[in-house]
Amino acid sequence: MIFGPTPLDEAEGAILAHSVRLKERVLKKGTVLDVDAIAALRAAGLGEVIAARLGQGDVPEDEAASRLADALLSPLIARSRAATGRVNLVAETTGLLTVDAALVDRLNALDESITLATLPNFSVVQPKEMLATLKIIPFAVPGPALGVAEVLLRQQALLTLHPFRPLKVGLVLTELPGVKESVMEGAVEVTGARIEALMGRLLPVERVRHETGAAADALRRLMRQGAEMLLIAGASATVDRRDVGPAAIVKAGGRIEHFGMPVDPGNLICLGAVGEVPAMVLPGCARSPKLNGFDWVLQRLFAGLTVRARDIMGMGVGGLLKEIETRPLPRAKAPQSPPPANAPRRPRQVAGLVLAAGRSRRMAPLNKLLVADSQGVAMVTRVVDNVIASGVRPVLVVTGHERERVEEALSGRPILFVHAEDYAEGLSSSLKAGLAALPPEPEGVLVALGDMPLVDSAVMARLLAAFDPEEGRAIVQPTFRGKQGNPVLWGREFLPEMMAITGDVGARQLVGKHADRLIEVEVADDGVLRDFDTVDSLKSAPHFNHGGFGKKG
C-alpha cells in the first residue's frame, strides 16, 4: 500500500486518509476518490490530498475484516457487517465463552494490520453481548498475511460459546447446634439464585446433622431424585479432604478430585464426583452473593465443561477477587463512576470499641486506667493509641467512672466518646452503650479493654487480616499457647445477641455458641491475656519501672 501526499492526477481510486471539508460537501475519511470527488477538490483549489493507494495483492479493510470474521464464526456466535475495517462478534445465547488465548496472540502477532480483542476467557455472556472485535488498522491488508490468518482461524476454534444447561441441582445443608436459622435460610436463598442464573433448578433442600453418614444418605436421596449436580454447604468450614463434607461424598460412592483452590475468596472449596455427577463442598464465601471461586467452577460445570484438579490449580492468575489493604484503590478516587458488576470489593471497614468505663474497684483509690507508665502515658491512652494504629475506623471509647479525667487523658485523638450512664451495672452496660453508637457502615467491631495496654497494634492488625465473614471467619480471637485472649473482633451479624447480654460480663460467652464462625490467631506475646486490675498485677508487668505498667519505648 502506498500512503502519503497524492497528486489529484493520480488520485482516482485512492482512499482519502483524512476528511476534507469543501464549500458544499464533506469528503469523509475512507472515501474512495472518484471523478466527481476529484473535480470537487480541484474546484476548491487543491492540487493533492493525503491518500492510500492499494498495491498488488492488497485487500481493502472491510473485505479483509469480513473474511476474517467469517473464519472466526462458530455455533451460537454471530457477526456484524464490516464497517471502517471493523467487525464485532456477538453471542446468540446465554453461556460461557472460552477463548484460545494462544491463538489470539498468534493472530495479533501475524501482521500489524490485523488486531483482535476479546472478552476474558471463561466470561459469562448474555444474548447480543459483544464477545470480540476484529479491527483492520490501515486501509488494507497484505494479501499473503490475510491468507495465512484465514488458514490459522479455520484450523481450530478461537471463540467457543458453551450454552448453560438446565441442570437439576441437589443441595445438602449440614447443621450444628446453635446455628441461626437465618444463616441456613440465607445459604439456600443465595445458592438458589446462583443456580437459577445459570438456567438450573434447585431440588428440595436436604437439611441434616453435620455428620458424614447423615450427609452421605442425603446425597443418595438427591441422586435418586435425578440430581445432576450435588452441593454440600457445611455448618463448619472444611479444613481437610477427610472432613465431614468430603468424607460424605466418598461414603456416598464418590471420589474427591481436588481440595482447595488459588482463588480468594473461595480457597476452601472441595471438588469431587459421585459417578458422573459432579459434587462439591462449598467454601464459606458461597453464602454470600459476591463473586468467588465457587462461581468459576459452577459456571464451567453448567456449561458442560469438565473441571479437573489441574483446572482448579490453574486459576491463580486473576484469582485475587477481593481487595487487600496494601493495594492502591484507584476506584476510591472516582466515586462518581459506579463499580462494574462483580468488581473486587474494597477493604472491610471495621470499627474499634474501647471499653473504659469501669470503676476500678480492685485498685481503689487509684483509677487503673489513668495510671501512667514509665513514659508518663496513661494505661487507657496506650490502649487507645494501639487501637488507632491498627487501622480500625472509627474508634469509639466508652466512658463511665471519672469520665472527665478519662476524656482529658485522650484529648486530641481521632476518637468518639460514648458515655455509659449505667456503667455501674457492669461490663455489659458499657458494651451495649458502645455498640448502640456504632455507625451502620462497619462490617465488624474490634472490642478492646481499656486495661490491656500490652496488646500492640501489630497483633490487632493480624486480627483484622484474618476477619472474613464470608469464609466463616466472623469472630476473630487471639490466643497465646492455646489460651483465648482479648481483644475480640466480631462480625456485625452478632450485634443483636451482644446487645442482649446482661450483668457484669462481656460477649465472650457467645464465642462458644458460635464456634463454627470463630478463627483463632495464635500470637507470640502473652499481652492478649494480661489485664491489670490490682497494684500487685502492675508489679508483674514487664519492664515495670517507677510505678509504670508498660514496656519501655
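Let us look at the structure shown here. (Residues numbered from 1 in each chain as written. Predicted model: local features only at pLDDT ≥ 70, side-chain atom pairs only at ≥ 80, totals over all residues. Heavy atoms only, no water.)

1. Here's the deal with the overall build of the protein chain
Here comes step 1: Per the secondary structure count, the protein chain includes 16 helices and 29 strands.
Here comes step 2: By the compact-globule yardstick of 24 Å for 553 residues, the protein chain is too spread out, its C-alpha radius of gyration being 33 Å.
Here comes step 3: Dimensions along the principal axes, computed over C-alpha positions, put the protein chain at roughly 105 × 70 × 35 Å.
Here comes step 4: When the 553 residues of the protein chain are sorted by exposure, 49% land in the buried category.
Here comes step 5: When the accessible surface of the protein chain is summed, it comes to about 25800 Å², and 53% of that surface belongs to carbon and sulfur atoms. (Helix = DSSP H or I, 4+ residues; strand = E, 2+ residues; numbered from the N terminus. Rg over C-alpha atoms; globule rule 2.2 N^0.38 Å. Buried < 20%, exposed > 50% of the residue type's maximum accessible area, 1.4 Å probe, protein only. Areas by Shrake-Rupley, 256 points an atom, 1.4 Å probe, with all protein chains shown as cover.)

2. Notes on the nonpolar core
Here comes step 1: Among the nonpolar cores identified, the biggest contains 33 residues, and Leu68, Ile114, Leu116, Leu158 and Leu159 are the most heavily contacted of them.
Here comes step 2: Those elements giving two or more residues to this core turn out to be α2 (61-72), β8 (86-91), β9 (95-99), α3 (101-110), β10 (114-118), β12 (130-136), α4 (143-155) and β14 (159-163).
Here comes step 3: Counting residues per element, this core draws most heavily on α2, which supplies six residues.
Here comes step 4: Sequence-distant contacts of Leu159, defined by excluding residues within four places in its chain, comprise Ser74, Ile77, Leu89, Leu97, Thr98, Val99, Thr118 and Ala132. (Core = buried A, V, L, I, M, F, W, Y, C linked by side-chain atoms within 4.5 Å. Contact = heavy atoms within 4.5 Å.)

3. Topic: unusual backbone geometry
Here comes step 1: A cis amide bond links Asp264 to the next residue, Pro265, at an omega of 5 degrees.
Here comes step 2: Topologically, Pro265 is positioned in the loop between β19 (255-259) and β20 (270-274).
Here comes step 3: Between Asn486 and the following residue, Pro487, the backbone shows a cis peptide bond with an omega angle of 0 degrees.
Here comes step 4: Structurally, Pro487 can be placed in the loop between β27 (483-484) and β28 (488-491).
Here comes step 5: In this structure, Met199 takes a positive phi of about 80 degrees despite not being glycine.
Here comes step 6: In this fold, Met199 is placed in the loop between α5 (181-197) and β16 (201-202).
Here comes step 7: Residue classification places Met199 among the partly exposed residues on the basis of a relative accessible area of 47%.
Here comes step 8: At Arg481, a position not held by glycine, the phi torsion is positive, near 55 degrees.
Here comes step 9: Position of Arg481 among the secondary structure elements: in the loop between β26 (475-480) and β27.

4. Quick notes on the pattern of salt bridges
Here comes step 1: This structure, assessed with the given rule, holds 22 salt bridges.
Here comes step 2: Residue Asp295 is joined to Arg194 by a salt bridge in which the shortest nitrogen-to-oxygen separation is 2.6 Å. Note that Asp295 is positioned in helix α8 (residues 293-302) and Arg194 in helix α5, a separation of 101 residues in sequence.
Here comes step 3: You can call Asp295 buried: its relative accessible area is 10%.
Here comes step 4: Exposure remark for Arg194: the relative accessible area of 8% places this residue in the buried category.
Here comes step 5: In this structure, Arg405 and Glu402 form a salt bridge, with 3.1 Å as the shortest nitrogen-oxygen distance. (Salt bridge = Lys/Arg side-chain N within 4 Å of Asp/Glu carboxyl O.)

5. Overview of the packing of helix α6 (residues 212-224) against helix α7 (residues 244-251)
Here comes step 1: Close contact between α6 and α7 brings their axes to 8 Å; oriented N to C, the two are set at 50 degrees. The orientation of α6 with respect to α7, classified from their angle, is oblique. The element α6 and its partner α7 pack so that their crossing is right-handed. Between α6 and α7, the residues in contact are Thr212, Gly213, Ala215, Ala216, Leu219 and Arg220 and Val244, Ala247, Ala248, Ile249 and Lys251, respectively.
Here comes step 2: Partitioning the contact of α6 with α7 into residue classes produces seven nonpolar, two polar and two charged. (Axes fitted to C-alpha atoms, helices over the stretch in contact; angles between N-to-C directions. Parallel < 35°, antiparallel > 145°, perpendicular 65-115°, else oblique. Left-handed = near helix turned anticlockwise from the far one by under 90°. Nonpolar A, V, L, I, M, F, W, Y, C, P; charged D, E, K, R; others polar.)

6. Some words on the packing of aromatic side chains
Here comes step 1: Evaluation of the coordinates by the stated rule reveals one aromatic pair.
Here comes step 2: An angle of 75 degrees between the planes, with centres 6.0 Å apart, marks the rings of Trp490 and Phe494 as edge-to-face.
Here comes step 3: Of the residues examined, Trp490 reaches a relative accessible area of 2% and is grouped as buried.
Here comes step 4: One residue, Arg300, lies across the ring of Phe122, its end atom 3.5 Å from the ring centre. (Phe/Tyr/Trp six-rings, centres within 6.5 Å; stacked < 30°, edge-to-face > 60°. Lys NZ or Arg CZ within 6 Å of the ring centre and 35° of its normal.)

7. Observations concerning the sheet that holds β14
Here comes step 1: An order of β11-β9-β14 is seen for the three strands of this open sheet, with the pairing classed as antiparallel. A single partner strand is all that each edge strand has here, and the edge strands are β11 (123-125) and β14. Looking at each pair of strands side by side, their axes are set apart by 35 degrees on average, direction ignored.
Here comes step 2: As defined by bridge partners, β9 adjoins β11 across three bridges and the pair is classed as antiparallel. (Pairing = 2+ DSSP bridges.)

8. A word on helix α12 (residues 427-436)
Here comes step 1: For α12, the tally of buried residues reaches seven of ten residues, placing the bulk of the element in the interior.
Here comes step 2: By the burial criterion, the buried members of α12 are Ser428, Ser429, Ser430, Leu431, Ala433, Gly434 and Leu435.
Here comes step 3: On its buried side, α12 packs onto β22 (350-356), β23 (395-399), β24 (416-419), β25 (444-449) and α14 (495-499).

9. Brief notes about α6
Here comes step 1: Between its first and last C-alpha atoms α6 spans 19 Å; for 13 residues at 1.5 Å apiece the expected length is 18 Å, and the two agree.
Here comes step 2: Burial in α6 covers these residues: Ala214, Ala215, Ala216, Ala218, Leu219 and Leu222.
Here comes step 3: Tucked into the core, α6 has its buried residues touching β15 (168-175), β17 (206-209), β18 (229-233) and α7.
Here comes step 4: Once α6 ends, the next one or two residues include Gly226, with phi positive near 95 degrees. (Expected span 1.5 Å × (residues − 1).)

10. Observations concerning the sheet that holds β12
Within a sheet, adjacent strands bond to each other through the backbone by hydrogen bonds, running parallel or antiparallel.
Here comes step 1: In spatial order, the strands read β7-β8-β12-β10; together these four strands make up an open sheet with antiparallel pairing. Two strands lie at the open edges of the sheet, namely β7 (77-79) and β10, each paired on one side alone. Geometrically, the sheet is characterised by an average inter-axis angle of 20 degrees between neighbouring strands, direction not taken into account.
Here comes step 2: With five bridges joining them, β8 and β12 adopt antiparallel strand pairing. The residue bridging Asn88 from the neighbouring strand is Thr133, located in β12.
Here comes step 3: Packed on one face of the sheet, α2 meets β7, β8, β10 and β12 and runs near 145 degrees to β12.

These figures capture arrangement, not role.
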